[in-house]
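The lines below spell out each chain.
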Amino acid sequence: MSNSIYKEANNWLVEFFRCVRVGEHELATNLFLEEGCWRDILAFTWNIITVGGKKDIADMLKATSGRINVAKWEIERSSLIEQEGNSCWFTFATSIANCKGKLTLKNGKCSVLFTSVDELIGHEEATLTRRKKGYINKAIKGRKTWLDDRIEKEKELGYIEQPYVVVVGGGQGGIGLAARLRVLDVPTIVVDKNIRPGDSWRNRYHSLYLRNTVWQDQMPYLQFPDDWPVFMSKDRMGDWLEMYVKVMDINYWSSTTCVGAKYSEDLQEWSVDVKRFDEVVQLRPKHLVIATGMSGNPKVPEIEGIKLFNGVICHSSGFDNGKKFCGSKCVVVGSNSSAHDICMNLWEQGADVTMVQRSETLVVRSETFFSRSKYTQAVADSGVTTADLDLAGASIPYQLMREQMRSVWSQIANDDREYYRRLVDAGFLLTFGEDQTGLEMMYMYRGSGYYIDVGATELVVEGLVKLRSGVTIQRIEHRGMVLSDDTKIEADLIVFATGFQSMASWVSKLISSDMAVKVGECWGLGSGTKYDPGPWEGELRNMWKPTACAGLWFHGGGLTQSRLYSRFLAMQLKARMEKISISVYCP
């Protein structure tokens, strides 16, 4: 960082925190550009929120500055995280938390401010120099070992002692959050219907590999072995999660199904009924976290004649392996990630495969997509940690990301124009998003609609996987289907790779339809694009932050998001358990 940038940032922060301390909201607001924006994760608002424009910034300052009590701040001149242009990272402390932020200036005024809680003062994670002693070096009558304590807690928690938090869903999201909560000494039980931790990955189709790289897929606290491949198989990830649950000492109730939950306003606690070992156990946590992934139940379209089909029909979530369909005629309905993977698996196993593409899909070469990633071995070797990269990503408000991605994806379309020409010429319906912002924003809007190409596109282009695009299914018959253009396709297997319902469907199923309406949609930014109705909200709806129902939280997303936001969600739950005085700001 140059001395001039340091001086300019230092002057801005001096004046900003002075205004915050004395409540000079108008002066503080005038430090921002007219179009400036501020993303806060818990530090000021105890919410996850982005405000843009001077009026909304002023409103947030008026509502929050009086209770922040900023004690100190300091610019991180030696930060290893990339500091582009006129920007800097800084730390500050409030009366209850140590915080971290990023300031970006333009002509002396703030264009983007990011603030976030780093740790709760007096309730920091028991890691590194704060780790527990483990063994006391003196003779103690009736001493209990770690194993003794563990067995006793397993017998008591959920029966004699109640957990403070119940997490429904034991995939990587629920497991990672439980690890965070365990390190913060928050009693937690994870319930999952599967037999073993990791089965949420093992039970998916046989050929699946993780799409993100090993550097991006880390879990909290534990790094993957140095010799693990760049792209990991789903079964290896399943084994890692099973090991992780054991090593991180997580209270994990496998083969356990949540059958219902109800919140008591009087007691301010949940009654959560779970079926475990053929008996119904009632848990009474203060907080309930739905961590069933960013999607709900499988979505299968209602099609005339579906019950008449004589072959095999399934949703992509129920598809395993194409081996048994060698020589068979197979139709995959859909054109996103699962559809492409299943088509390629069936072709590799000797099937005659047809993809039915009903709507446009974004496709990008894996090599192109990951060439821009900062999650690499070179970056790790430079000393930048996964947590550093996660926070750097979080410091970019979604509105700004949206603008940046238009330029990025325009460049991708140009650089790989020959690749895309061949795909379109094959009849594929291609999109870069309704607003041309590409895969990252499409993921934020709807969590689907794209495919990172790991081989299936060439099969489509070469005609080895037949493509029927721009059609829908009119009806299903005994030995196949009739499309909307009246053409017929014979089939022995039909796979509906047609996605999933929203996370809100779990609320309706586990709690009530009235509660689902009260809470509203989960996921999406309000972009006004397909499956993401407006208005623009600027943050993912209901994710990792307080909802309209006290004590109800949602946790999901990919491994990167789960790793980052599990930390913020865990701190919110810890603060409430310790009865720390907080006030949630909702504009």
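Structure's up top.
Residues numbered from 1 in each chain as written. Predicted model: local features only at pLDDT ≥ 70, side-chain atom pairs only at ≥ 80, totals over all residues. Heavy atoms only, no water.

**Student:** Sorry, what's going on with the pattern of salt bridges here?
**Tutor:** Taken as a whole and assessed by the stated rule, the structure comprises 39 salt bridges. Ionic pairing is found between Arg 18 and Glu 24, a salt bridge with its closest N-O pair at 2.7 Å. One salt bridge in this structure joins Asp 235 and Lys 234, with 3.3 Å as the shortest N-O distance. Among the charged side chains, a network of salt bridges with common partners joins Arg 196, Asp 199, Arg 202, Asp 239 and Glu 242. (Salt bridge = Lys/Arg side-chain N within 4 Å of Asp/Glu carboxyl O.)

**Student:** Looking at this structure, how should I read the packing of aromatic side chains?
**Tutor:** In this description, an aromatic ring pair is defined by two values, namely the gap between the centres and the angle between the planes. A complete count under the given rule lists 29 aromatic pairs for this structure. Where Phe 17 meets Trp 73, the ring centres are 6.0 Å apart and the plane angle is 25°; that geometry is what we call stacked. Linking Phe 17 in helix H1 (residues 3–22) with Trp 73 in strand S3 (residues 72–75), this pair joins segments that are 56 residues apart in sequence. Taking relative accessible area as the criterion, Phe 17 reaches 0% and is therefore assigned buried. Each ring, one from Trp 409 and one from Phe 432, has its centre 6.2 Å from the other, and the planes form 45°; the classification is tilted. Residue Trp 409 is found in helix H12 (residues 398–415), and its partner Phe 432 is found in the loop between helix H13 (417–425) and helix H14 (438–446); the two are separated by 23 residues along the sequence. (Phe/Tyr/Trp six-rings, centres within 6.5 Å; stacked < 30°, edge-to-face > 60°. Helix = DSSP H or I, 4+ residues; strand = E, 2+ residues; numbered from the N terminus. Buried < 20%, exposed > 50% of the residue type's maximum accessible area, 1.4 Å probe, protein only.)

**Student:** Looking at this structure, how should I read the sheet that holds strand S10 (residues 256–264)?
**Tutor:** Adjacent strands of a sheet form backbone hydrogen bonds with each other and so pair up, either parallel or antiparallel. Spatially, S10-S11-S12 is the arrangement adopted by the 3 strands of the open sheet, whose pairing is antiparallel. Every interior strand has two partners, whereas the edge strands, S10 and strand S12 (279–283), have only one. Direction aside, neighbouring strands of the sheet carry axes that sit 20° apart on average. (Pairing = 2+ DSSP bridges. Axes fitted to C-alpha atoms, helices over the stretch in contact; angles between N-to-C directions.)

**Student:** Hey, could you run me through the side chain of Asn 345 in this one?
**Tutor:** Within the secondary structure, Asn 345 sits in helix H8 (residues 337–348). When neighbours within four sequence positions are excluded, Asn 345 is seen to be in contact with Ser 207, Phe 319, Asn 321 and Gly 322. (Contact = heavy atoms within 4.5 Å.)

Worth remembering: the numbers are spatial, not functional.
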